[in-house]
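If you want the building blocks of each chain, they are given just below.
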Protein chains: 4
Amino acid sequence: MSMLRAGIVGATGAVGQKFIELLRGHPWFKITALVASDRSVGRKYRDAVNWIGAAEIPASVASMEVSSFSNDLPCDVVFSGLHASVADHAEPKLAKAGYPVISNAKSFRMHPDVPLLIPEINPDHTFLIKNQDWQSAGYIVTNPNCSTVGLTCALKPLHDRFGLEAVQVTTMQALSGAGYPGVSSLDALANVVPFIGGEEDKLVHEPNKLLGTITGGTLHPQSIRISAQCNRVPVLEGHLECISVKLSTSVSRGEVHDAFESFVSPIKDLCLPTEPEKLLHVFEDERFPQPRRHSDLGGGMTVSIGRIRPCEVLDYKFVALSHNTIRGAAGGAVLNAELLIKQGLLKARDA
Amino acid sequence: MSMLRAGIVGATGAVGQKFIELLRGHPWFKITALVASDRSVGRKYRDAVNWIGAAEIPASVASMEVSSFSNDLPCDVVFSGLHASVADHAEPKLAKAGYPVISNAKSFRMHPDVPLLIPEINPDHTFLIKNQDWQSAGYIVTNPNCSTVGLTCALKPLHDRFGLEAVQVTTMQALSGAGYPGVSSLDALANVVPFIGGEEDKLVHEPNKLLGTITGGTLHPQSIRISAQCNRVPVLEGHLECISVKLSTSVSRGEVHDAFESFVSPIKDLCLPTEPEKLLHVFEDERFPQPRRHSDLGGGMTVSIGRIRPCEVLDYKFVALSHNTIRGAAGGAVLNAELLIKQGLLKARDA
Amino acid sequence: MSMLRAGIVGATGAVGQKFIELLRGHPWFKITALVASDRSVGRKYRDAVNWIGAAEIPASVASMEVSSFSNDLPCDVVFSGLHASVADHAEPKLAKAGYPVISNAKSFRMHPDVPLLIPEINPDHTFLIKNQDWQSAGYIVTNPNCSTVGLTCALKPLHDRFGLEAVQVTTMQALSGAGYPGVSSLDALANVVPFIGGEEDKLVHEPNKLLGTITGGTLHPQSIRISAQCNRVPVLEGHLECISVKLSTSVSRGEVHDAFESFVSPIKDLCLPTEPEKLLHVFEDERFPQPRRHSDLGGGMTVSIGRIRPCEVLDYKFVALSHNTIRGAAGGAVLNAELLIKQGLLKARDA
Amino acid sequence: MSMLRAGIVGATGAVGQKFIELLRGHPWFKITALVASDRSVGRKYRDAVNWIGAAEIPASVASMEVSSFSNDLPCDVVFSGLHASVADHAEPKLAKAGYPVISNAKSFRMHPDVPLLIPEINPDHTFLIKNQDWQSAGYIVTNPNCSTVGLTCALKPLHDRFGLEAVQVTTMQALSGAGYPGVSSLDALANVVPFIGGEEDKLVHEPNKLLGTITGGTLHPQSIRISAQCNRVPVLEGHLECISVKLSTSVSRGEVHDAFESFVSPIKDLCLPTEPEKLLHVFEDERFPQPRRHSDLGGGMTVSIGRIRPCEVLDYKFVALSHNTIRGAAGGAVLNAELLIKQGLLKARDA
């Protein structure tokens with residue numbers, strides 16, 4: 001397979017930068033277009049960006065020129081790190097212009113014909129693409145909100161084995177989830193902010209779409225009752241979630257533990273480059289997982305589980321941790337694109 | 001009323017230091033004895049202590065000599081900031097020697113004859129003192145665990161008005177709750193530790209004792225089902241708690257709000273010096289309360305409530321914040337002692 | 001003396017908020033005007049401001065209406081928390097309109113006719129006011145940059161007694177010095193930024209003006225060589241500075257210590273409400289002063305000194321700490337206004 | 001070359017853990033012995049250690065049994081992460097028993113016959129080994145204190161080209177430099193501690209030894225006047241230093257910049273696995289280097305330089321950053337061992 005040409009829109013933002021980091025040395029994609037807002041257009045990427053990463057900008061990207069939105073981007077696929085306010089308009093335009101758009105924006109996540117995709121959870125949802133009316137040309141595929149991913153990956157094996165009736169989740173979310181500059185240090189340092197605009201709603205709805213089933217060509221979401229309380233904590237990367245679940249079946253702690261431990265990704269055999277060896281890692285040490293220490297497991301793509309124990313109110317409780325800018329954003333999107341290639345839905349466009 | 005003489009045991013520890021801070025300028029108590037472990041005995045307090053407070057040691061205390069445990073402490077009441085491992089033995093000895101012991105330790109909190117006391121919540125529980133078999137001489141009164149206080153103060157008006165069936169609570173607790181040196185900075189900085197040893201059990205049992213009723217001379221605890229998930233976050237002071245409740249009655253959000261807003265302390269008329277003007281402060285701004293900004297409300301004795309809203313799984317959810325080393329430890333204990341004075345249970349001992 | 005009417009311009013900004021906090025209950029000033037930018041004009045202060053303080057907005061101020069800039073503000077004195085970009089134009093206008101402007105902005109600090117004032121250091125510099133050509137009406141008086149204050153207060157006794165030839169200073173400055181939202185939490189958390197735009201220049205020039213002498217009606221600044229390296233550290237309040245000095249005289253460590261210890265404010269007898277009991281507090285404990293623990297000394301108006309010891313390169317080195325938003329901004333400005341009252345330069349304007 | 005067998009003493013401590021991390025997959029060393037204190041002896045490493053790293057314990061090491069100190073350790077070289085109090089006695093014993101001891105402890109750093117070694121700076125100092133009177137059997141080689149390394153690497157090119165007369169350095173040091181549990185979170189969070197016991201003395205003496213010359217078989221240290229002020233800041237990894245230097249020659253800023261930029265490691269041709277591509281990386285962006293973002297450059301072995309500019313008091317000032325637990329501790333020690341292999345001073349011991 002020859003390398004696919006990847007364009008990144010919103011290339012100077014926090015998510016755009018993460019795309020560039022994660023595509024460095026990727027075996028299937030090479031970056032061929034960087035798109036950003038007017039004030040960046042025409043400048044070298046290194047001059048246009050306020051690079052916030054730890055390492056330096058990959059040399060090949062640093063000297064690329066930033067281009068403007070157009071219907072003629074030199075790429076086979078577009079990774080979108082746009083804010084929703086821009087994505088609302090820009091992503092359909094790109095799809096209509098023939099580009100597969102792999103989006104991290106929230107704009108179309110709940111659209112009935114747009115897959116909200118976690119490859120290990122619902123790879124069959126890409127079936128929805130054929131319903132997209134701009135599909136003759138391109139399409140949009142989205143990854144979930146950063147706090148949804150860890151929750152849904154943790155719920156999946158419980159839902160499959162035991163049935164899920166209700167979920168309580170309290171999140172402690174990293175600062176990087178708010179982008180850059182994002183949260184003021186005067187709000188963040190030595191503090192917790194018990195509110196993140198719009199976040200709790202996403203946690204109520206997105207997991208039900210992700211765990212939904214495709215029948216008769218349309219998606220039927222689940223109707224698990226989910227209640228979320230979202231907090232911003234002074235952590236850099238990694239959303240930690242305290243979860244309590246009510247199951248449809250009476251099961252032992254051992255069975256819950258085993259459901260997590262023995263979960264096997266349905267796409268394991270595709271050997272996607274960004275898929276971690278294990279989707280779920282279960283810690284026995286009751287002090288773990290911790291965001292600073294364990295978010296990077298599996299290259300930031302593994303979701304960690306810990307402290308599985310009975311709940312006095314629902315059935316079982318536990319904690320889950322996932323890397324919010326890798327698994328929860330750019331890494332999840334790249335994995336989506338890899339799945340689409342293997343499913344034959346993403347390929348080189350005719351020159 | 002002449003000033004009562006206060007002794008502080010565990011005087012060099014974090015809680016002992018807080019007692020000293022809070023008794024500075026107190027209208028009813030003067031510090032007359034400082035008791036600490038052997039290696040401090042005989043030294044001036046300023047030389048024995050590693051003072052961790054922001055202000056300086058009150059001058060009158062700085063030059064006092066630290067004394068050893070004895071049955072002959074020159075004081076009318078003992079405030080105990082001891083660790084449970086020492087309190088287990090030391091507090092009964094002090095009680096038998098005739099001292100009222102106002103304890104912050106967990107050792108006797110769940111003892112059926114020892115009041116677990118929050119003056120605004122269960123002032124009548126001091127009735128239990130007369131059951132204490134060392135009572136002929138002295139007695140023990142305890143305040144709850146730091147994470148219990150905020151929860152119980154928030155639950156009280158709901159329990160009184162609507163009845164409580166179940167409670168889910170996820171805590172985000174300040175570092176100072178672990179004492180000094182307590183949590184290593186390498187565990188704390190930019191991190192969350194999703195485990196605090198023994199904490200979750202206290203949250204299950206202590207509120208049920210605090211909300212219990214005295215009938216026939218004994219305490220009948222409630223049997224509300226409580227499930228707790230406790231986390232240590234990089235915050236200095238203030239435990240923030242995300243709470244969800246199932247009520248016995250179907251009520252509107254406005255009624256819940258009103259229950260908090262209109263709660264009146266049953267001991268308001270006693271005008272205790274450490275009692276805040278309002279036990280509960282309800283924030284309307286959905287970003288509040290925040291530990292760094294609001295823990296000090298009411299001199300650290302007010303519990304803040306925010307984000308009252310329906311819960312998709314139980315009935316209502318909200319956040320509560322309380323200052324863990326003032327309301328949740330030394331301040332709570334001082335308020336207990338003030339109540340005992342007004343109830344005639346604490347007075348000058350015969351010389 | 002009847003209360004003077006105080007107007008605050010830039011009332012919704014971080015410095016403006018601090019003015020409001022510090023003037024709460026002030027014996028000489030009452031707030032009678034709040035001025036902010038167009039989008040706030042006409043709204044109640046509580047609705048216009050994003051209040052970042054720990055306590056709540058003083059009730060009397062919360063319900064005041066925000067007004068626009070005009071030549072007809074109902075006040076006797078204007079406290080300016082404006083950014084320099086606005087102050088450049090607005091402050092001279094206010095002065096020409098007859099208002100004494102007590103400014104925290106950098107715009108006119110180095111103007112030869114504008115006093116750069118720390119009352120305990122150079123109270124005689126207010127003499128310069130009469131040189132101001134808008135003076136027939138009003139005038140401008142400034143306080144120094146937040147990092148200059150601690151340094152200059154520490155240098156003053158050394159300069160007076162021993163003569164100063166050269167100063168090396170490395171600062172570790174709090175986040176609040178950058179205003180709100182100021183530094184992004186992604187830059188601040190668990191990090192140091194070794195650069196603060198424009199800061200080092202201020203440290204080179206402002207102390208020389210502050211320590212200058214008035215002769216023949218004009219100011220003659222000192223020419224002490226000062227080299228500064230400024231860093232932003234994850235601290236909320238309090239600029240800590242590592243200082244090394246070359247003196248004109250050979251002196252012992254004891255003499256340096258004594259110079260700090262025995263420094264007496266030249267305005268002590270004026271009993272200004274905001275002046276701390278001691279300008280300089282010398283710590284003997286080599287771990288002190290620390291920003292989080294000691295910035296509040298003297299109500300945030302005391303400068304702390306510690307670790308006095310010989311320097312292997314210059315003569316002596318030590319650390320100094322000062323509260324950057326109180327002593328280094330709003331508190332310093334209020335103290336300036338208090339001095340001006342006592343000097344007869346600030347009084348009620350004719351109605 | 002067959003793999004050398006490496007023993008780690010102090011294997012459960014913070015430095016010991018870092019040795020294990022850095023030797024994972026090392027091409028020249030395999031870990032064959034783990035030595036710790038009595039309470040760990042006989043236990044599997046995973047059970048004996050409180051692993052503080054981000055990743056998990058390498059599987060091969062996790063199941064190794066911890067052994068006690070002896071003269072019969074199954075290894076060719078010993079890496080010592082011991083505290084000085086233990087190293088004082090243990091390291092000479094190991095040397096006498098025939099082991100090359102690659103030590104991170106301070107015990108023998110200033111011993112005239114023990115090399116204090118940074119391979120890129122003074123590789124010829126290993127000549128001193130032959131003076132060690134326990135040398136017939138083994139020997140000791142040390143790496144410098146964590147705060148010395150960055151300073152000395154930065155000074156080396158200036159010293160070589162221009163001559164150095166005096167150095168002022170203010171450090172902002174990471175928490176990990178104090179080991180585990182090290183600094184209490186109550187001292188660290190949102191605070192700076194302007195004191196690190198013993199640190200300033202090391203900065204005065206160690207660079208002079210490192211930059212010294214070997215003549216007549218003995219080491220002649222330099223006599224550069226160095227003054228240090230050391231601070232602990234809430235950063236996890238990376239010591240940032242503000243440095244000012246007085247040179248023997250008058251040079252331009254460009255020449256200083258070029259001295260850093262064009263520095264070539266004298267051991268480049270040895271191709272040591274742990275040597276970074278560049279010892280010194282010069283940043284042009286005045287906001288850089290920053291500890292959280294840039295400590296990991298060159299695998300944590302590169303020292304970053306930034307903000308080169310004239311100094312108003314000495315000649316030039318700049319900042320330097322180095323990773324304190326890699327370049328400044330375990331990584332430096334591993335590089336020392338690699339150099340010794342290439343110099344023929346470290347080889348397989350006879351069985």
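Please read these numbers as outputs of a predicted model, since none were measured by experiment.

Trainee: Before we go on, may I ask you to explain the overall build of chain A in this structure?
Mentor: When helices and strands are tallied, chain A shows 10 helices and 13 strands. Taken over C-alpha atoms, the radius of gyration comes to 20 Å for chain A, in line with the 20 Å a tight globule of 351 residues would show. By its C-alpha atoms, chain A is 60 × 50 × 30 Å across when sized along the principal axes. Put simply, chain A has 351 residues, and 65% of those count as buried. Of the contacts formed within chain A by residues at least 6 apart in sequence, a portion of 75% connects residues at least 24 apart. Here chain A displays about 12100 Å² of accessible surface, and carbon together with sulfur accounts for 50% of that area. If you average the places of the 33 positive and of the 36 negative side-chain charges in chain A, the two averages end up 2 Å apart.

Trainee: How should I be thinking about the interface of chain B and chain A in this particular structure?
Mentor: Much of the literature gives interface size as the accessible area that the parts lose upon coming together. Of the residues lining the interface, 48 residues belong to chain B; the matching set on chain A comes to 48 residues. Of the roughly 3800 Å² buried where chain B meets chain A, counting both sides, 53% is carbon and sulfur surface. Applying the counting rule to chain B against chain A returns six salt bridges. Note that A:Asp187 is salt-bridged to B:Arg293, the shortest N-O span being 2.9 Å. Counting across the interface, chain B meets chain A through 31 residue pairs in polar contact (both at pLDDT 80 or more). Secondary structure elements with two or more residues in the side of chain B that touches chain A: strand E6 (164-173), helix H6 (185-188), helix H7 (199-210), strand E9 (225-232), strand E10 (239-247), helix H9 (291-294), strand E12 (303-310) and strand E13 (316-322) of chain B. Sorting elements by how many residues they give to the side of chain B that touches chain A places E9(B) first, with seven residues. Considered class by class, the residues forming the side of chain B that touches chain A number 29 nonpolar, eight polar and 11 charged.

Trainee: It is not clear to me how the interface of chain B and chain D should be interpreted in this structure. Could you clarify?
Mentor: Taken together, the contact pairs 15 residues of chain B with 15 residues of chain D. Where chain B packs against chain D, one counts zero salt bridges. Inspection of the chain B/chain D interface yields six residue pairs in polar contact (both at pLDDT 80 or more). A breakdown of the residues in the side of chain B that touches chain D according to their chemical character gives 10 nonpolar, four polar and one charged.

Trainee: For this particular structure, what's the right way to read the side chain of A:Ser304?
Mentor: Residue and element names in this part refer to chain A. As for its placement among the helices and strands, Ser304 is situated in strand E12 (residues 303-310). Among the residues examined, Ser304 registers a relative accessible area of 0% and is labelled buried. Other than its neighbours up to four places away in sequence, Ser304 contacts His281, Phe283, Pro289, His294, Leu297, Val319, Ala320 and Leu321.

Trainee: Looking at this structure, how should I read helix H8 (residues 253-261) of chain D?
Mentor: Side chains of residues three or four places apart in an α-helix project in the same direction, reflecting 3.6 residues per turn. By the burial criterion, the buried members of H8(D) are D:Val256, D:His257, D:Ala259 and D:Phe260. Along the long axis of H8(D), the arc covered by the buried residues comes to 155°, so they all point the same way.

Trainee: Sorry if this is basic, but what is going on with the packing of helix H5 (residues 146-162) of chain B against H7(B) here?
Mentor: Working note: a packed helix pair is described by the angle between its axes plus the distance between those axes. Residues and elements named next belong to chain B. Axis separation between H5 and H7 bottoms out at 9 Å; the angle between their running directions is 45°. With respect to each other, H5 and H7 are oriented oblique. Like other packed secondary-structure pairs, H5 and H7 cross with a definite hand, here right-handed. Note on element contacts: H7 touches H5 through Glu199, Lys202, Leu203, Glu206, Pro207 and Leu210, opposite Cys146, Ser147, Thr148, Leu151 and Thr152. Classifying every residue of the contact of H5 with H7 gives five nonpolar, three polar and three charged.

Trainee: Hey, could you run me through the environment of D:Glu277 in this one?
Mentor: Tracing the sequence through the fold places D:Glu277 in the loop between H8 and strand E11 (280-282). Through-space distance from the C-alpha of D:Glu277 to that of D:Leu297 is 9.9 Å; in sequence the pair is 20 residues apart.

Trainee: Just to check I follow, could you spell out the sheet that holds strand E6 (residues 164-173) of chain C for this structure?
Mentor: For sheets, the rule is that strands pair by backbone hydrogen bonds, running either parallel or antiparallel. All names here are of chain C. Here we have six strands laid out as an open sheet, ordered E9-E6-E10-E13-E12-E11, and mixed in their pairing. Each edge of the open sheet is held by one strand with a lone partner, namely strand E9 (225-232) and strand E11 (280-282). Adjacent strand axes in the sheet meet at a mean angle of 20°, parallel and antiparallel pairs treated alike. Judged from the eight bridges that link them, E6 and strand E10 (residues 239-247) form a sheet pairing that is antiparallel. Looking at the pairing, Leu164 lines up with Leu247 of E10.

Trainee: I would appreciate a short explanation of the pairing of strand E6 (residues 164-173) of chain D in the present structure.
Mentor: Residues in a regular strand point their side chains to alternate faces of the sheet. All names here are of chain D. Across the 10 residues of E6, nine count as buried, placing the element largely inside the fold. With eight bridges joining them, E6 and strand E9 (residues 225-232) adopt parallel strand pairing. By the bridge assignment for E9, Thr171 is matched with Cys230.

Trainee: Help me out: how do you make sense of the nonpolar core in this one?
Mentor: Among soluble globular proteins, nonpolar side chains are generally buried collectively. B:Ile8, B:Phe29, B:Leu34, B:Tyr45, B:Phe79 and B:Leu346 are the most contacted members of the largest nonpolar core, which totals 59 residues. The biggest single contributor to this core is helix H10 (residues 326-342) of chain B, with nine residues. If we skip the residues at most four places from it in the chain, B:Phe29 touches B:Met3, B:Leu4, B:Ala6, B:Leu23, B:Val77, B:Phe79, B:Ala337, B:Glu338, B:Ile341 and B:Leu346. Counting residues in each nonpolar core, the second largest holds 58 residues, with A:Ala87, A:Leu94, A:Ile341 and A:Leu346 among its members.

Trainee: Mind showing me how you'd approach helix H4 (residues 84-96) of chain D here?
Mentor: All names here are of chain D. Its 13 residues give H4 an end-to-end C-alpha distance of 18 Å, which sits within 8% of 18 Å, the value for a rise of 1.5 Å per residue. Along H4, the largest kink reaches about 30° and is centred on Ala90; proline Pro92 follows within four residues of it. Among the residues of H4, those classed as buried are Ala84, Ala87, Ala90, Glu91, Pro92, Leu94 and Ala95. Those residues of H4 that are buried lie in contact with strand E1 (4-9), strand E3 (77-80), strand E4 (100-103) and strand E5 (139-142). Phi for Gly98, located one or two positions after H4, is positive at around 105°.

Analysis parameters
Residue numbers here run from 1 along each chain, matching the order of that chain's written sequence. Here every chain gets a letter starting at A, and every ligand a number starting at 1, in the order they are written. The predicted nature of this model means local features are confined to residues of pLDDT at least 70 and side-chain atom pairs, given and counted, to a pLDDT of 80 or more, with totals for whole chains, interfaces and linings taken over all residues. Hydrogens and water are ignored here; the side-chain numbers use all heavy atoms of the structure. Each helix is a run of DSSP H or I of at least 4 residues and each strand a run of E of at least 2, with the numbering of both proceeding from the N terminus. The atom set for the radius of gyration is the C-alpha atoms, and the globule formula is 2.2 Å times the number of residues raised to the power 0.38. Only protein chains enter the accessibility calculation, which uses a 1.4 Å probe. A residue is then buried if its area is under 20% of the maximum for its type, exposed if over 50%, and partly exposed in between. The contact criterion used throughout is that any non-hydrogen atoms of two residues lie within 4.5 Å. Every accessible area reported is derived by Shrake-Rupley at a probe size of 1.4 Å, with residue values counting cover from the shown protein chains alone. For the charge count, each Lys or Arg is scored as positive and each Asp or Glu as negative, with His and the chain ends excluded. Positions of charges follow a simple convention, taking NZ of Lys, CZ of Arg, CG of Asp or CD of Glu. Accessible surface is computed with a 1.4 Å probe, and the buried area is the amount of it that two parts give up when combined, taken over both parts together. A side-chain nitrogen of Lys or Arg and a carboxyl oxygen of Asp or Glu constitute a salt bridge if their distance falls within 4 Å. The term polar contact refers here to a pair of N or O atoms within 3.5 Å; inside protein, the definition further demands a hydrogen-donor-capable atom paired with an acceptor-capable atom, and it admits residues adjacent in sequence only when both atoms are side-chain atoms. Note that Gly is not counted as nonpolar here; it falls among the polar residues with everything else outside the nonpolar set of Ala, Val, Leu, Ile, Met, Phe, Trp, Tyr, Cys and Pro and the charged set of Asp, Glu, Lys and Arg. The arc in question is formed by the directions pointing from the helix axis toward the C-beta atoms. Fitted lines through C-alpha atoms serve as axes, helices being fitted only where they are in contact, and the angles separating the N-to-C directions of these axes extend from 0 to 180 degrees. Roughly parallel covers angles under 35 degrees, roughly antiparallel covers those over 145, roughly perpendicular covers 65 to 115, and oblique covers all other angles. When the near helix sits turned anticlockwise from the far one by under a right angle, the crossing is termed left-handed; a clockwise turn instead gives a right-handed crossing. In this description, strands pair whenever DSSP reports at least two bridges between them. For the purposes of this section, nonpolar cores are sets of buried Ala, Val, Leu, Ile, Met, Phe, Trp, Tyr and Cys residues that join through side-chain atoms within 4.5 Å. Between the first and last residue of a helix there are one fewer steps than residues, each counted as 1.5 Å, and that sum is the expected span. One fitted axis covers the seven residues ending at a residue, a second covers the seven starting there, and the bend at that residue is the angle between these axes.

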